[in-house]
Amino acid sequence: MTILKTLAVTAGLLLAAGTAQAGATFDAVKARGVLQCGVNTSLGGFSAPDSRGEWKGLDVDVCRAVAAAMFGDATKVRYTALTSPARLPALQTGEVDMLSRNTTLTLQRDAAIGLNPTGVTFYDGQGFLVPVKLGVKSAKQLSGASVCVQSGSTTELNLADYFRTHKLELRPVVFEKLEELVAAFFAGRCDVYTSDMSQLASARSLQTPKPEDYMLLPEVISKEPLGPFVRHGDDQWMDVVRWALFAMIEGEEYGITSANVDQMVASSTDPNVKRILGVTPGMGKALGVDEKWAYNIIKQVGNYGESFERNVGKGSALKLDRGANALWNKGGLMYAWPIR
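These numbers come from a predicted model, not from an experiment.

### Re the sheet that holds strand E9 (residues 146-150)
If you trace the five strands from one edge of the open sheet to the other, you get E10-E9-E11-E8-E12, paired in mixed fashion. Each of the sheet's edge strands pairs with one partner strand only, and the pair in question is strand E10 (171-175) and strand E12 (214-216). The sheet shows a mean angle of 30° between the axes of neighbouring strands, direction not considered. The pairing of E9 with E10 spans five bridges and is classified as parallel. In the strand pairing of E10, serine 146 is matched with arginine 171.

Pasting the structure below:
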């Protein structure tokens, strides 16, 4: 083969590699014209319907971001409320196109049951919420206490591991539905509520008239990187979900907000911003979506920092610190791959 012919073949392969090849889920979502997104049944700050029945929350915003990337319209989402035991089967069987529901990224979920994690939306860890009147200051004082825990979760496994490691007597009170668990805890049917720290903070802030009567114990007993999942077998769909999240994070890093995104399109000379917002084309083509995919996300949903602040941050009822969820250049772990 001549050098010129070799170069021509190589160029053709590179061109093909740079153009998105749609798979079954991508095609199905596109043809349907609406995203079917699995979310929590009701977890304030992350995914819960408001007084008008509209879904709100950090996890909901990720669903909206994917819809904005696919359709140019963040409202084109149908939400399926899923309990903890039902969430992974619903994705495996195709009931939902993606799962954005405080679900921990683990080896087994990634490698053994046919699912792909796409990124981290919230770095969390498991803790314990107790009534102040219980009089304990540490999780190591919980031997013999009754512990409310949700079934079908890593939380249940972590709880057993922690009590076994520290030789504590465990008395679990297991619930399938989160709403039932939370109601039981605040009704005094168990001494302790264990879950992700964010979920405990949500329950204390939103589910009781006297949050000051409850305290979070200092121990954080696990790593819980939470994020969206898709099924194995459709890399193109996985790419869209992953990069929708990354666009929100990159938007915050480069100071692109829902308020200034139009100004950025018109006047920014930063090559990174121009690529993100589609002024310099190519990123949309690589994903198989419109070149304004990231512009639509930031304009309609906001960047990651905006979503965090209004849903779980200081501007919300939860009032959580950014902590590990701050950007990588501000002391946190939020780090998106470059859009280039």
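### Notes on helix H7 (residues 178-186)
Considered for burial, the residues of H7 that qualify are Leu178, Leu181, Val182, Ala184, Phe185 and Phe186. Residue glycine 188 follows H7 closely and has a positive phi angle near 85°.

### Regarding unusual backbone geometry
Of note, the phi angle at asparagine 102 is positive, near 20°, even though the residue is not glycine. Within the fold, asparagine 102 resides in the loop between strand E5 (98-99) and helix H5 (107-111). One non-glycine residue, lysine 167, lies in positive phi territory at about 55°. Mapping lysine 167 onto the fold places it in the loop between helix H6 (154-165) and E10. By relative accessible area, lysine 167 is classed as exposed at 75%.

### Re the state of the cysteines
Per the counting criterion, the structure on display carries two disulfides. Across the disulfide from cysteine 37 sits cysteine 63; the S-S distance is 2.1 Å. Taking the torsion about the S-S bond as the criterion, the cysteine 37 to cysteine 63 disulfide, at about -60°, is left-handed. Taken together, the residues span a long stretch of sequence, with cysteine 37 in strand E1 (residues 35-40) and cysteine 63 in helix H3 (residues 58-71) at a distance of 26 residues. Per residue, the accessibility class of cysteine 37 equals that of cysteine 63, and both read buried. Paired through a disulfide, cysteine 148 and cysteine 190 show a sulfur-sulfur distance of 1.8 Å. Since a negative S-S torsion denotes a left-handed disulfide, the cysteine 148-cysteine 190 link at about -90° is left-handed. Of this pair, cysteine 148 sits in strand E9 while cysteine 190 sits in the loop between H7 and strand E11 (192-196), and the two are 42 residues apart along the sequence. With respect to class, cysteine 148 is no different from cysteine 190; both count as buried.

### So, the pattern of salt bridges
Taken as a whole, this structure holds nine salt bridges when the rule is applied. Here glutamate 54 makes a salt bridge to lysine 56, at a shortest N to O gap of 3.6 Å. Judged by relative accessible area, which is 36%, glutamate 54 ranks as partly exposed. Owing to a relative accessible area of 42%, lysine 56 belongs among the partly exposed residues under this scheme. Taking the shortest distance from any N to any O, the salt bridge between arginine 322 and glutamate 252 comes out at 3.0 Å. Linking arginine 322 in the segment after helix H14 (304-311) with glutamate 252 in helix H9 (residues 235-253), this pair joins segments that are 70 residues apart in sequence. Shared partners join several salt bridges into a network, and the residues in it are Arg52, Glu54 and Lys56.

### Some words on the environment of threonine 25
With respect to the helices and strands, the residue threonine 25 is situated in helix H2 (residues 24-32). A C-alpha to C-alpha distance of 27 Å links threonine 25 and glycine 251, two positions 226 residues apart in sequence. Sequence-distant contacts of threonine 25, defined by excluding residues within four places in its chain, comprise Asp97, Arg231, Asp234 and Trp237. Here the side chain of threonine 25 touches arginine 231 through a polar contact of 3.4 Å, side chain to side chain.

### Points about H14
Tyr304, Gly305, Ser307, Phe308 and Asn311 are the residues of H14 that are buried. Viewed end-on, H14 has its buried residues packed into an arc of 165°, placing them on one side of the element. Those residues of H14 hidden inside the fold are in contact with strand E3 (55-56), H3, strand E7 (122-124) and H9. Capping the start of H14 is the job of one residue whose side-chain oxygen sits 2.9 Å from the backbone nitrogen of glycine 305: asparagine 303.

### Regarding the packing of H2 against H9
Relative orientation of the contacting elements H2 and H9 amounts to 65°, with a least axis distance of 6 Å. Classified by the angle their axes make, H2 and H9 are roughly perpendicular. Along the contact surface, H2 presents Thr25, Phe26 and Val29, while H9 presents Gln236, Trp237 and Val240. Class assignment for the residues of the contact of H2 with H9 results in four nonpolar, two polar and no charged.

### What to know about the packing of aromatic side chains
Describing an aromatic ring pair means giving the distance of the ring centres and the angle of the ring planes. Taken as a whole and assessed by the stated rule, the structure comprises 14 aromatic pairs. With a centroid separation of 5.9 Å and an interplanar angle of 70°, the aromatic rings of tryptophan 243 and tryptophan 337 are classed as edge-to-face. Remark: tryptophan 337 occurs in the segment after H14 and tryptophan 243 occurs in helix H9; sequence separation between them is 94 residues. Of the residues examined, tryptophan 243 reaches a relative accessible area of 16% and is grouped as buried. For tryptophan 337, a relative accessible area of 43% corresponds to the partly exposed category. Among the aromatic residues, those joined into a ring-pair cluster are Phe46, Phe122, Tyr304 and Phe308. Positioned above the aromatic ring of phenylalanine 308, the side-chain terminus of arginine 322 is 5.0 Å from the ring centre.

Rules behind the numbers
Residues numbered from 1 in each chain as written. Predicted model: local features only at pLDDT ≥ 70, side-chain atom pairs only at ≥ 80, totals over all residues. Heavy atoms only, no water. Pairing = 2+ DSSP bridges. Helix = DSSP H or I, 4+ residues; strand = E, 2+ residues; numbered from the N terminus. Axes fitted to C-alpha atoms, helices over the stretch in contact; angles between N-to-C directions. Buried < 20%, exposed > 50% of the residue type's maximum accessible area, 1.4 Å probe, protein only. Disulfide = S-S within 2.5 Å. Salt bridge = Lys/Arg side-chain N within 4 Å of Asp/Glu carboxyl O. Contact = heavy atoms within 4.5 Å. Polar contact = N/O pair within 3.5 Å; in protein donor to acceptor, adjacent residues only side chain to side chain. Arc of directions from axis to C-beta. Parallel < 35°, antiparallel > 145°, perpendicular 65-115°, else oblique. Nonpolar A, V, L, I, M, F, W, Y, C, P; charged D, E, K, R; others polar. Phe/Tyr/Trp six-rings, centres within 6.5 Å; stacked < 30°, edge-to-face > 60°. Lys NZ or Arg CZ within 6 Å of the ring centre and 35° of its normal.

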